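Topology and contacts: notes
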Amino acid sequence: MARKSYIVKAGGDEFKLRLTLAGQKNLQAKNPDVPIMALVMGAVDDPGDMEALLTEALSWSGNENPTCDGAELYDRLVDDGKCGTGDFMELVLNIAHNAGLINEDERKKVQRAVERRMTRSFDQLIEEEDPFPDLSKDEEGDEGSDRPRMEMPTL
């Protein structure tokens, strides 16, 4: 019987990700007070949790993955162009869906909500006035040095 897994390609290899119940328990053992879905989704914002999640998802019994090292898979994904919250949220949501933690409809809804929130956040960031004015110009608007000006105290 073929095991259900979520397939990703990275660095020219194919990886089958499967977060088993044992893998979920391993993740939760490190953070016993945090619900498993919070751990899985929170991995997007925590490098240690992302590494642990990917390692568990790679390490299921009978896997034929080229590596079971979550950090290596993460680096390969980045090398192949995956980046940002959107890409990695999609990855963790697909892992959660494949593990039976959420259904397909829930996965799609959360993905759309994250995409909308990210779009709004970046739009707001772009619309705001630059909080860091050009510090390379002196008070008269002339080009200054790359070093910040320092006032010397008077004695």
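Residues numbered from 1 in each chain as written. Predicted model: local features only at pLDDT ≥ 70, side-chain atom pairs only at ≥ 80, totals over all residues. Heavy atoms only, no water.

1. Remarks on the nonpolar core
Note that soluble globular proteins tend to have their nonpolar side chains buried in a common cluster. We count it as follows: Here the nonpolar core consists of buried residues drawn from Ala, Val, Leu, Ile, Met, Phe, Trp, Tyr and Cys, with membership extended through side-chain atoms lying within 4.5 Å. We call a residue buried when its accessible area falls under 20% of the maximum for its residue type, exposed when it is over 50%, and partly exposed in between, using a 1.4 Å probe and counting protein chains only. What counts as a helix is a DSSP run of H or I of at least four residues, what counts as a strand is a run of E of at least two, and both are numbered from the N terminus. Note on contacts: a residue pair qualifies if any of its non-hydrogen atoms lie within 4.5 Å across the two residues.
Ranked by internal contacts, the top residues of the largest apolar core, which has 29 residues, are Leu17, Val40, Leu53, Leu73, Leu91, Val92 and Ile95. For this core, the secondary structure elements donating two or more residues are strand 1 (6-10), strand 2 (13-17), helix 2 (36-42), helix 3 (47-58), helix 4 (70-79) and helix 5 (84-98). By residue number, the principal contributor to this core is helix 5, which donates 7 residues. Excluding anything up to four places from it in sequence, Leu73 contacts Val8, Ala10, Phe15, Leu17, Leu54 and Leu58.

2. Considerations on the packing of helix 1 (residues 21-30) against helix 3
Condition: Helix axes are fitted to C-alpha atoms over the stretch in contact, other axes to C-alpha atoms as well, and angles between N-to-C directions run from 0 to 180 degrees. For classification purposes, angles smaller than 35 degrees are called roughly parallel, those larger than 145 roughly antiparallel, those between 65 and 115 roughly perpendicular, and all remaining angles oblique. Rotating anticlockwise by less than a right angle from the far helix to the near helix defines a left-handed crossing, while the corresponding clockwise rotation defines a right-handed one. Only Asp, Glu, Lys and Arg are considered charged, only Ala, Val, Leu, Ile, Met, Phe, Trp, Tyr, Cys and Pro nonpolar, and every remaining residue, Gly among them, polar.
Axis separation between helix 1 and helix 3 bottoms out at 9 Å; the angle between their running directions is 155°. Classified by the interaxial angle, the pair formed by helix 1 and helix 3 is roughly antiparallel. The chirality of how helix 1 crosses helix 3 is right-handed. Where helix 1 approaches helix 3, its residues Gly23, Asn26, Leu27 and Lys30 are matched on the opposing element by Ala52, Leu53 and Glu56. Of the residues in the contact of helix 1 with helix 3, the class split is 3 nonpolar, 2 polar and 2 charged.

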